[in-house]
There are 2 protein chains.
Amino acid sequence: MSLQEAIAAALVKARKKRKLTQEELGYRAGYDPVYINMLERARRYPSIRAIFNLSEALGITPAALMEDVQKQIGFKPR
Amino acid sequence: MSLQEAIAAALVKARKKRKLTQEELGYRAGYDPVYINMLERARRYPSIRAIFNLSEALGITPAALMEDVQKQIGFKPR
DNA sequence: CTGTAGACTATCGTCGACA
DNA sequence: ATGTCGACGATAGTCTACA
């Protein structure tokens, strides 16, 4: 599983937990729904700015989102 | 303190803790030293990919780096 | 409600040079 | 060892439209 795919999966999971549509999330985070869709299909790497905006709209911390991603790709600092 | 500045501060702090130069960090993380310099002067927002690469080179987790940033800007999920 | 496409603008990240 | 510049190619993110 690539980093991009892990981010996509983490975003979908967090959004569904909050029972939001891609469109609602886009609106709340200030992004185009088409872009949200691209992120969830692993077509784009979000900037850290986007991560913060999306996290806030999702009601989770960026750190928590990162942890979810780390687990999926088995990240280990050296 | 802006998000950009918080990221810059967190990166400088982590790099100095590891006693690396900007050049060494750039080399280890696979980025141009000029770019590391830009990040540390708050001139660029790193992509999430860069965050992962930099974190690995810094020997910390991306989540830990994000927590440091969150604290500095007082991030609160709604 | 989600996925896809194309064309667009803004920003990331590289590179050579110099102080 | 760091800071700065300008130019550049690559990629983030927008917008309209349709299935």
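None of these values were measured; they are calculated from a predicted model.

### Thoughts on the pattern of salt bridges
Residues and elements named next belong to chain B.
And step 1. On inspection of all chains with the given rule, the structure shows 4 salt bridges over all chains.
And step 2. When the shortest N-O distance is used, the salt bridge between K13 and D68 registers 3.3 Å. Residue K13 is found in helix α1 (residues 3–17), and its partner D68 is found in helix α5 (residues 62–73); the two are separated by 55 residues along the sequence.
And step 3. Notably, a salt bridge pairs R15 with E40, separated by 2.6 Å at the nearest N-O pair. With a gap of 25 residues between them, R15 in helix α1 and E40 in helix α3 (residues 33–40) connect regions that are remote in the sequence.

### Re the protein's contact with DNA strand C
And step 1. Around DNA strand C sit 15 residues in total, of which A:Q22, A:N37, A:R41, B:Y35 and B:S47 are the nearest.
And step 2. At the protein interface, 69% of the atoms of DNA strand C within 4 Å belong to sugar or phosphate.
And step 3. In this structure, A:R15 approaches DNA strand C through a side-chain N or O atom, which is 3.1 Å from a phosphate oxygen.
And step 4. Only α3 (33–40) of chain A together with α3 of chain B provide two or more residues apiece to the surface near DNA strand C.
And step 5. Classifying every residue of the surface near DNA strand C gives 6 nonpolar, 5 polar and 4 charged.

### Examining the side chain of B:R15
And step 1. Taking relative accessible area as the criterion, B:R15 reaches 9% and is therefore assigned buried.
And step 2. Residues within four places of B:R15 in sequence aside, it is in contact with B:L20, B:T21, B:Q22, B:L25, B:E40 and B:L58.

Conventions we followed
- Residues numbered from 1 in each chain as written.
- Chains lettered and ligands numbered in written order.
- Predicted model: local features only at pLDDT ≥ 70, side-chain atom pairs only at ≥ 80, totals over all residues.
- Heavy atoms only, no water.
- Salt bridge = Lys/Arg side-chain N within 4 Å of Asp/Glu carboxyl O.
- Helix = DSSP H or I, 4+ residues; strand = E, 2+ residues; numbered from the N terminus.
- Near = heavy atom within 4 Å.
- Polar contact = N/O pair within 3.5 Å; in protein donor to acceptor, adjacent residues only side chain to side chain.
- Nonpolar A, V, L, I, M, F, W, Y, C, P; charged D, E, K, R; others polar.
- Buried < 20%, exposed > 50% of the residue type's maximum accessible area, 1.4 Å probe, protein only.
- Contact = heavy atoms within 4.5 Å.

On their own, these measurements won't tell you what the molecule is for.
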